[in-house]
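Below are the chains, spelled out letter by letter.
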Amino acid sequence: MTMNTRHKPPRAVAVFQLHLGKIGRILRPELIGLALILSPTALMALGLLMSRDAALDYPRELNFLLPAAAFLLPFRLWSKERLFDRSDFHLMPVERRKHILIRVCAGAVWALGLAAAIVLLFNFLALAAGSPTIGTGVWQWLVPLGSVATAYLLGSALVLALRHPLRWSAGLALAFVLLTAFDLVAFPTPMTQTLVSGDLGLEPVLTGGASSTAWAVALLFWFGLGLTALALASLRHREG
C-alpha cells in the first residue's frame, strides 16, 4: 500500500531568508572588493581628521554611483539562473512567480543595506571633520535610498522581462551612440529632457530636486513605474 503524502510549501519568510543568504554568497567577491576599497579610504580620512586640516565633504557623486550599481545588481544576481528554461525555480515547492518576487525582495534588502552603510560612512566622516553632510533635512538622507530602490526595481524588471537583457541593453546603447554620432537624431529631444530634468524626471530623484515636495513627487512617479514594470515582467514567469 502506497502513501501519498503532500508536503506543505515552505513559508515565504523561510524562502526569503534562504535567498538572503544565497545572495550574500553570490556577492561575496563584490563585498570583499568593496571592503578593500572602503577600508583604506576610511583610514586615510581618519588620518586627515587627526591632522585637523581636512575638508571631507559628502561626495555628491554617490547620488549617481549608487543607483547605477543598484540598476546593474539584478544582472549579477540572475546571471546564473535560467529564468526562461528549466531550472531550480521549477523544482522548488513554491509557485514560480512568487518565488522570483521573493528573491527580488531579498536583493532589494541587500541593495538598500549596502547603500545605507556607504552613505552613513561618508556622512560620519563629514560630520567628524565638520564638513557639509548630505543635508540637514531627514528627506535629504533618504534621497540615495529612494534612487537606489527605484533603480533596482527598473533593473530587475528588465532582467525578468527579457530573455537576453544584456544583449538588448548593449544594442540600445550602440544604437544611441550611432544615432548621436551621425546626427540622425537630435539629442536631447523634448521627451528626453522631460524624462531627465523635468518635474517628473530622473534628476530630482537622484539629486533631491529643489525641495522635498519635488523630490517626493518625482520619486513616487519613478518608483511606481518600477513597481508596475516589475509586476508586468513577473507575469512572464507564471506557472501553467
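Definitions and limits used
- Residues numbered from 1 in each chain as written.
- Predicted model: local features only at pLDDT ≥ 70, side-chain atom pairs only at ≥ 80, totals over all residues.
- Heavy atoms only, no water.
- Helix = DSSP H or I, 4+ residues; strand = E, 2+ residues; numbered from the N terminus.
- Contact = heavy atoms within 4.5 Å.
- Areas by Shrake-Rupley, 256 points an atom, 1.4 Å probe, with all protein chains shown as cover.
- Phe/Tyr/Trp six-rings, centres within 6.5 Å; stacked < 30°, edge-to-face > 60°.
- Buried < 20%, exposed > 50% of the residue type's maximum accessible area, 1.4 Å probe, protein only.
- Core = buried A, V, L, I, M, F, W, Y, C linked by side-chain atoms within 4.5 Å.
- 1 Å grid on protein atoms, 1.4 Å probe; cavity = no way out; pocket = protein on both sides within 12 Å on 5 of 7 lines; lining within 4 Å.
- Points joined across faces, edges and corners; volume = space filled by probe spheres on them.
- Nonpolar A, V, L, I, M, F, W, Y, C, P; charged D, E, K, R; others polar.
- Axes fitted to C-alpha atoms, helices over the stretch in contact; angles between N-to-C directions.
- Left-handed = near helix turned anticlockwise from the far one by under 90°.

Q: Looking at this model, I keep getting lost on the overall build of the protein chain. Mind explaining?
A: The secondary structure content of the protein chain amounts to ten helices and zero strands. What you see in the protein chain, going N to C, is helices and strands ordered as α-α-α-α-α-α-α-α-α-α. Contacts in the protein chain between residues at least 24 apart in sequence constitute 75% of all its contacts with a sequence separation of at least 6. Of the accessible surface of the protein chain, which amounts to about 14,800 Å², a share of 69% is contributed by carbon and sulfur atoms.

Q: What is the right way to look at the packing of aromatic side chains in this model?
A: What describes a pair of aromatic rings is the distance from one ring centre to the other and the angle between the planes of the rings. In the structure shown here, the tally under the stated rule is three aromatic pairs. Look at Trp 139 and Trp 215: their rings are 5.9 Å apart centre to centre, the planes differ by 40 degrees, and that puts the pair in the tilted class. Within this pair, whereas Trp 139 is found in helix H6 (residues 138–161), its partner Trp 215 is found in helix H10 (residues 212–234), the two being separated by 76 residues in sequence. We classify Trp 139 as partly exposed; its relative accessible area is 24%. An angle of 90 degrees between the planes, with centres 5.7 Å apart, marks the rings of Phe 221 and Trp 222 as edge-to-face.

Q: Where do I start with the nonpolar core in this structure?
A: Proteins that are soluble and globular tend to have nonpolar side chains buried together. Within the largest apolar cluster, 31 residues are counted, with the highest numbers of intra-cluster contacts made by Leu 66, Leu 77, Trp 78, Leu 83, Tyr 152 and Leu 160. Breaking this core down by element, the ones donating at least two residues are helix H3 (62–77), helix H5 (96–129), H6 and H10. Residues Val 143, Trp 215, Leu 219 and Trp 222 belong to the second largest nonpolar core, which totals six residues.

Q: It is not clear to me how the layout of surface pockets should be interpreted in this structure. Could you clarify?
A: Rolled over the atoms, a probe as big as a water molecule pinpoints where empty space is left. Considering only enclosed or pocket space, the largest pocket measures out at about 540 Å³ in volume. Looking at the lining of the largest pocket, the elements that each hand over two or more residues are helix H2 (28–50), H3 and H5. Tallied by class, residues from the lining of the largest pocket come to 19 nonpolar, no polar and two charged.

Q: What is the right way to look at the environment of Gly 198 in this model?
A: By the secondary structure assignment, Gly 198 is in the loop between helix H8 (190–197) and helix H9 (202–207). Counting along the chain gives 20 residues from Gly 198 to Ala 218, while the straight-line C-alpha distance between them is 9.0 Å. In contact with Gly 198, not counting residues within four places along its chain, are Gln 193 and Pro 204.

Q: I would appreciate a short explanation of the packing of H5 against H10 in the present structure.
A: For any two helices packed against each other, the geometry comes down to the angle between their axes and how far apart the axes lie. Two numbers describe how H5 lies on H10: the axes approach to 10 Å, and their chain directions differ by 145 degrees. Note on packing geometry: the crossing formed by H5 with H10 is right-handed. Taken together, the residues of H10 that come into contact with H5 (itself represented by Arg 97, Leu 101 and Val 104) are Leu 230, Ala 231 and Ser 234. In the contact of H5 with H10, the residues fall into four nonpolar, one polar and one charged.

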